[in-house]
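A structural walkthrough
This is what each chain is made of:
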Amino acid sequence: MAVGLFGALAWLSLAAERWWLVAAAGVQLLSIATYLVALLNPEVQVWASVSFRIVVWVELMLIGLFGVWECRAAPYARPASVAR
């Protein structure tokens, strides 16, 4: 699921011209890295990985909220008006 979200965010960051999507994809990649660290080093405390994933989730939510704000507030993010 984490890899799928990373793939979707990476695709969206390439398809759309929004820099915050690149940031969200990078933060999601950090989340995937925690799974790899847990697999490669079983001595790592489980709670440390889970705590880090919670922090990453909060970062993703803040980036998403910024994206919603940008969509509503930025003049360059508004769709072009339709000529009649």
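Residues numbered from 1 in each chain as written. Predicted model: local features only at pLDDT ≥ 70, side-chain atom pairs only at ≥ 80, totals over all residues. Heavy atoms only, no water.

1. Focus: helix α2 (residues 19-40)
- The end-to-end C-alpha distance of α2 is 32 Å, a good match for the 32 Å that 22 residues give at a rise of 1.5 Å each.
- Buried within α2 are the following residues: W20, L21, A24, A25, V27, Q28, S31, I32 and T34. Down the axis, α2 shows its buried residues gathered within 165° of arc, on one side only. Within α2, the exposed residues directed more than 90 degrees away from the buried face are W19 and L40.
- Check the buried side of α2 and you find it contacts α1 (2-15) and α3 (46-73). (Helix = DSSP H or I, 4+ residues; strand = E, 2+ residues; numbered from the N terminus. Expected span 1.5 Å × (residues − 1). Buried < 20%, exposed > 50% of the residue type's maximum accessible area, 1.4 Å probe, protein only. Arc of directions from axis to C-beta. Contact = heavy atoms within 4.5 Å.)

2. Focus on the packing of aromatic side chains
- Within the structure shown, the criterion is met by two aromatic pairs.
- The interplanar angle of 55° and the centroid separation of 5.5 Å between the aromatic rings of W19 and F66 together place this pair among those described as tilted. With a gap of 47 residues between them, W19 in helix α2 and F66 in helix α3 connect regions that are remote in the sequence.
- Ring geometry for F66 against W69: centres 5.5 Å apart, planes inclined by 40°, an arrangement best described as tilted. With a gap of three residues between them, F66 and W69 both fall in helix α3, about one helical turn apart.
- Residue classification places F66 among the partly exposed positions, given a relative accessible area of 30%.
- Here the aromatic residues W19, F66 and W69 are joined through ring pairs into a cluster of three or more.
- For R53, the ring lying beneath its charged end belongs to Y35, and the centroid distance is 3.9 Å. (Phe/Tyr/Trp six-rings, centres within 6.5 Å; stacked < 30°, edge-to-face > 60°. Lys NZ or Arg CZ within 6 Å of the ring centre and 35° of its normal.)

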